[in-house]
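In case you want the letters, here they are:
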Amino acid sequence: MEVRLPEPGDALTGVEMFAGLEPEVRQRVIAAAVPRTYRKGQLLFVENDPGESLIVLRRGAVAVFRTAPTGERAVLSVIRPPDVLGEVSLLDASTRSASAEAIEDCTALALSRGAFMELVHSNPRILDAVMRSLGGLIRRLTEQNADHVFLDLPGRVAKTLVRLAGESHAPMITIELNQSQLAEMAGGSRQSVNQAIGSFASRGWLRTEGRRIVVTDVAALRRRAGMNDR
Ligand SMILES: Nc1ncnc2c1ncn2[C@@H]1O[C@@H]2COP(=O)(O)O[C@H]2[C@H]1O
C-alpha cells in the first residue's frame, strides 16, 4: 500500500517567487527574513517611503492604495497569501509606489532589499519569477486602464466583485467588504456604488448583510462586467 507523506511545508510554501529555490537557499532566505505582524487597520508602509523590504504575506489581507490630495483613496489591489508585495521599489531602487494597509490581522516575513538583491544575483532563476510577477502587474494595470475607459461604474463594481469572488464555484460567495471599500476599489463615489449594489440586489445577483456582500449569481455579474463566460 502506498503511504503518502504530508507535503513538506515551510514559511515560503506556495510563494511563486521562491518556488524554484534549492532547499538550502530557501532555508537561508527564511533565516534572513524577519517575522512581522500587523493588526487590522495598521499601515505596512506609505507611498513614497523608502523601499526597504519585500513583504511575503503569510496570513491576512492587505489593501494597496493611492491617496489623492483630497484624502480620497483608490484601492489598486487586495493582496492575499501567498502573494508578495513591495517588489517594485526594490527593483527600481526607488520609493514605494503605493501605500499598504492591513485589512485583516496579518502575519508576514520581511526580506531586506540587500538580502533580496543578493538572492537575485546568486540565483538568476529567481529572475524568471520576478519577471512573471512584473508581467502580471503590468497586465493588471492594462486591464484596469481599459476598464476605466470601456466600463461604466456598475460594470466596474460587477468586475470588482467577480475578482474578489476569485475562482470559487460555490453557489454563494461571501465577500467581507463594506460599500466604502468597494467604492475605493471600483473607482466611484460611495453613493453611486450603493446604487449599483441596490440594482444588483433587486435583480437577485447579491444581497448585503451588514459589512458583507453575499454574491448569489457570479455568472450574472460576469456578464454585467463584459467578461467571457467560463
Ligand atoms: N496597481 C497595482 N496593483 C497591485 N499591486 C500594486 C500596484 N501598484 C503597486 N503595487 C504593489 O504595492 C507595492 C507598493 O510598494 P512598492 O512600490 O515597493 O511595490 C508595490 C507593489 O508590490
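What counts and how
- Residues numbered from 1 in each chain as written.
- Predicted model: local features only at pLDDT ≥ 70, side-chain atom pairs only at ≥ 80, totals over all residues.
- Heavy atoms only, no water.
- Helix = DSSP H or I, 4+ residues; strand = E, 2+ residues; numbered from the N terminus.
- Rg over C-alpha atoms; globule rule 2.2 N^0.38 Å.
- Buried < 20%, exposed > 50% of the residue type's maximum accessible area, 1.4 Å probe, protein only.
- Pairing = 2+ DSSP bridges.
- Contact = heavy atoms within 4.5 Å.
- Axes fitted to C-alpha atoms, helices over the stretch in contact; angles between N-to-C directions.
- Salt bridge = Lys/Arg side-chain N within 4 Å of Asp/Glu carboxyl O.
- Near = heavy atom within 4 Å.
- Polar contact = N/O pair within 3.5 Å; in protein donor to acceptor, adjacent residues only side chain to side chain.
- Areas by Shrake-Rupley, 256 points an atom, 1.4 Å probe, with all protein chains shown as cover.
- Parallel < 35°, antiparallel > 145°, perpendicular 65-115°, else oblique.
- pLDDT = per-residue confidence, 0-100.

The name an unreviewed UniProt entry assigns to the chain is Cyclic nucleotide-binding domain-containing protein, from the organism Micromonospora echinofusca.

1. Considering the overall build of the chain
The helix and strand tally for the chain stands at 8 helices and 11 strands. Whereas a compact globule of 230 residues would reach a radius of gyration of roughly 17 Å, the chain reaches 19 Å, a difference of no more than 12%. In terms of overall dimensions, the chain has C-alpha extents of about 60 × 55 × 30 Å along its principal axes. Within the chain, buried positions represent 39% of all 230 residues.

2. Focus on the sheet that holds strand β8 (residues 106-112)
Reading across the sheet, the 4 strands line up as β1-β8-β3-β6 and stay open at both edges, with antiparallel pairing between neighbours. Edge positions in the sheet fall to β1 (34-38) and β6 (84-85), since each of these pairs with one other strand and no more. Where helix α3 (residues 113-122) meets the sheet, its contacts fall on β3 (53-59) and β8, and the angle it forms with β8 comes to roughly 65 degrees.

3. Side note on the pairing of strand β5 (residues 73-79)
As paired strands, strand β4 (residues 62-67) and β5 are joined by 6 bridges and run antiparallel to one another. Along β5, the bridge assignment pairs phenylalanine 65 with valine 75. Between β4 and β5, which follow one another and run antiparallel, lie 5 residues, and glycine 71 among them has a positive phi close to 95 degrees.

4. Side note on the pattern of salt bridges
The final tally for this structure, using the stated rule, is 14 salt bridges. The closest approach of N and O atoms between glutamate 143 and arginine 163, which form a salt bridge, is 3.7 Å. Linking glutamate 143 in helix α4 (residues 125-150) with arginine 163 in helix α5 (residues 153-165), this pair joins segments that are 20 residues apart in sequence. The class of glutamate 143 is partly exposed, set by a relative accessible area of 33%. We classify arginine 163 as partly exposed; its relative accessible area is 40%. When the shortest N-O distance is used, the salt bridge between aspartate 147 and arginine 163 registers 3.5 Å.

5. A closer look at the site of the ligand
Of all residues adjacent to the ligand, which total 15 residues, the nearest are Gly86, Glu87, Ser89, Arg96 and Ser97. Side-chain polar atom of glutamate 87 to an oxygen atom of the ligand: 2.5 Å apart, as the coordinates give it. Between an oxygen atom of the ligand and a side-chain N or O atom of arginine 96, the distance comes to 2.8 Å. Within the complex, the protein chains bury 95% of what would otherwise be the 450 Å² of accessible surface of the ligand. Within the residue set of the shell around the ligand, elements represented by two or more residues are β5, α2 (87-91) and α4.

6. Observations concerning the sheet that holds strand β10 (residues 206-209)
The strand order across the open sheet formed by 3 strands is β9-β11-β10, and the pairing between neighbours is antiparallel. This sheet does not close on itself; its edge strands, each paired only once, are β9 (173-176) and β10. Within the sheet, the average angular offset between the axes of one strand and its neighbour, ignoring direction, is 20 degrees. By the bridge criterion, 4 bridges tie β10 to strand β11 (residues 212-215) in an arrangement that is antiparallel. Its bridge partner lying in β11, leucine 206 is registered against valine 215.

7. Side note on the packing of α5 against helix α7 (residues 190-202)
Remark: α5 packs on α7, axes separated minimally by 9 Å, with the N-to-C direction vectors making an angle of 70 degrees. Considered as vectors, α5 and α7 are oriented roughly perpendicular to each other. Within the contact between the two elements, α5 uses Leu153, Pro154, Val157, Ala158 and Leu161 and α7 uses Ser192, Val193, Ala196, Ile197 and Phe200.

8. Considerations on the confidence of the model for the chain
When pLDDT is averaged along the chain, the result is 90, and 95% of the positions lie at 70 or above. β9 is the least confidently modelled element of the chain, averaging 84 in pLDDT, while strand β2 (residues 43-45) averages 98, the highest of any element. Contacts for the low-pLDDT stretch residues 1-7, under 50 throughout, to residues beyond four places or in other chains number 0 contacts. Model confidence for the complex is summarised by a pTM of 0.85, with the ipTM given as 0.97.

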